[in-house]
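For reference, the chains in residue letters:
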Amino acid sequence: QNFSLIDFNRSGVPLVEVVTEPDFETAEQVTEYLQKLQQIVRYLDVSNADMEKGDMRLEPNISLSSITTDKGQLTTDNLPKYKVEVKNINSFRFVARAIDEEIKRQTEILDRGETPEQETRGWDEKKNTTVSQRSKEEAHDYRYFPEPDIPPIVFSDTQITEIRRQIPEMPDDRRKRFLKEYSLTEYDVEILARDVSTANYFEQAVRDGKKHNVAPKQIANYIINKKPDVRKTVPAELVELILSTQQTTKADSEELKKAIEQVFLENPRAVEDYKAGKTQVLGFIIGKVRALLPPNSSSEGIRELVEQTLK
């Protein structure tokens, strides 16, 4: 062949590589950090950070200290001279599994009095284990050198202040504001603020709902429990759905009262038995009431209303 092929797949696409200090001791801590990082990147609109599309990759470096605590557990108080990097993982679940597998593998090596090889490994999701890819060089072997076309960049205090001014509301700040401003629960806020598009959608629905006296809690409940497709249902339509649901519930309540009255009239013996202490007849009464309700009507609160009426 007299030609070469060049893949311009990511030509012109900037790469952001985030490197942390060795501050993590468990796979759970790493996963929590990575999820938070993905959330911040999305809030900043830097990237979709969609791992299925290759927008984000996870590459943990794992090394264990041979120093033990009183409980006999390996610690990372003193970092060893080796590290193992697991490359190109595309899910939080797999990164947790890879870390746990490496902890197990390296512990077995250290327990034999040996030192794990410094290397790059990959994750084999079918075998649920890490596999060796290549030996990892020391830093000087990577031949790092300053980029001659990019001089050192110095930002003034004014520029830094302006950059900070442009940063949008971050997830933690939004959660705090949702709790205070909308009187929601921690559970509600965690779900609504988890994704920036959902958080924005919720707030627009709150603004639209205010005109119709629809409370933020009602909107939060509908989004969380009904899980509407926010791509197809604009916030104003969501408010209309909530209002129509309220009207339907009210109609169901009226139908329920009529059904209970009819059952009581047609089954006076059952009513007398209940009032005489035979509470097991309540199931019979409730069944009769359900039979009189339309198939698609709400049956919420039947037991409570029947018991109240029987008093």
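Just so you know, these numbers come straight off a predicted model, no measurement behind them. (Residues numbered from 1 in each chain as written. Predicted model: local features only at pLDDT ≥ 70, side-chain atom pairs only at ≥ 80, totals over all residues. Heavy atoms only, no water.)

**Things to note about the layout of surface pockets**
Quantified by volume, the second largest pocket comes out at close to 310 Å³. Considering the residues around the second largest pocket, the lining is formed by Glu32, Gln35, Lys36, Gln38, Gln39, Arg42, Phe92, Arg175, Glu190, Arg194 and Asp195. No other element matches the 6 residues that helix 1 (residues 27-43) contributes to the lining of the second largest pocket. When grouped by side-chain class, the residues that make up the lining of the second largest pocket number 1 nonpolar, 3 polar and 7 charged. (1 Å grid on protein atoms, 1.4 Å probe; cavity = no way out; pocket = protein on both sides within 12 Å on 5 of 7 lines; lining within 4 Å. Points joined across faces, edges and corners; volume = space filled by probe spheres on them. Helix = DSSP H or I, 4+ residues; strand = E, 2+ residues; numbered from the N terminus. Nonpolar A, V, L, I, M, F, W, Y, C, P; charged D, E, K, R; others polar.)

**A few points about unusual backbone geometry**
Within the chain, asparagine 128 stands out as a residue other than glycine whose phi angle is a positive 60°. Structurally, the position occupied by asparagine 128 is in the loop between strand 3 (119-124) and strand 4 (129-135). By relative accessible area, which is 31% here, asparagine 128 ends up partly exposed. In this model, asparagine 213 sits at a positive phi of 60°, which is unusual for a non-glycine residue. Mapped onto the elements, asparagine 213 comes out in the loop between helix 6 (196-210) and helix 7 (216-226). A relative accessible area of 71% means that asparagine 213 is categorised as exposed. (Buried < 20%, exposed > 50% of the residue type's maximum accessible area, 1.4 Å probe, protein only.)

**Brief notes about the packing of aromatic side chains**
As enumerated under the stated definition, the model contains 5 aromatic pairs in all. Seen in terms of ring centroids, phenylalanine 94 and tryptophan 123 are 6.4 Å apart; in terms of plane orientation they differ by 40°. Their pairing is tilted. Here phenylalanine 94 is found in helix 2 (residues 92-111), whereas its partner tryptophan 123 is found in strand 3, with 29 residues between them in sequence. Of the two residues, phenylalanine 94 and tryptophan 123, neither departs from the other in class, the shared state being buried. Judged by centre distance (5.3 Å) and plane angle (90°), the ring pair of tyrosine 182 and phenylalanine 202 falls under edge-to-face. With tyrosine 182 in helix 4 (residues 171-182) and phenylalanine 202 in helix 6, this residue pair connects regions lying 20 residues apart in the sequence. Residue class for tyrosine 182 comes out buried when judged on its relative accessible area of 11%. Taken together, the aromatic side chains of Phe178, Tyr182 and Phe202 make up a single cluster linked through ring pairs. (Phe/Tyr/Trp six-rings, centres within 6.5 Å; stacked < 30°, edge-to-face > 60°.)

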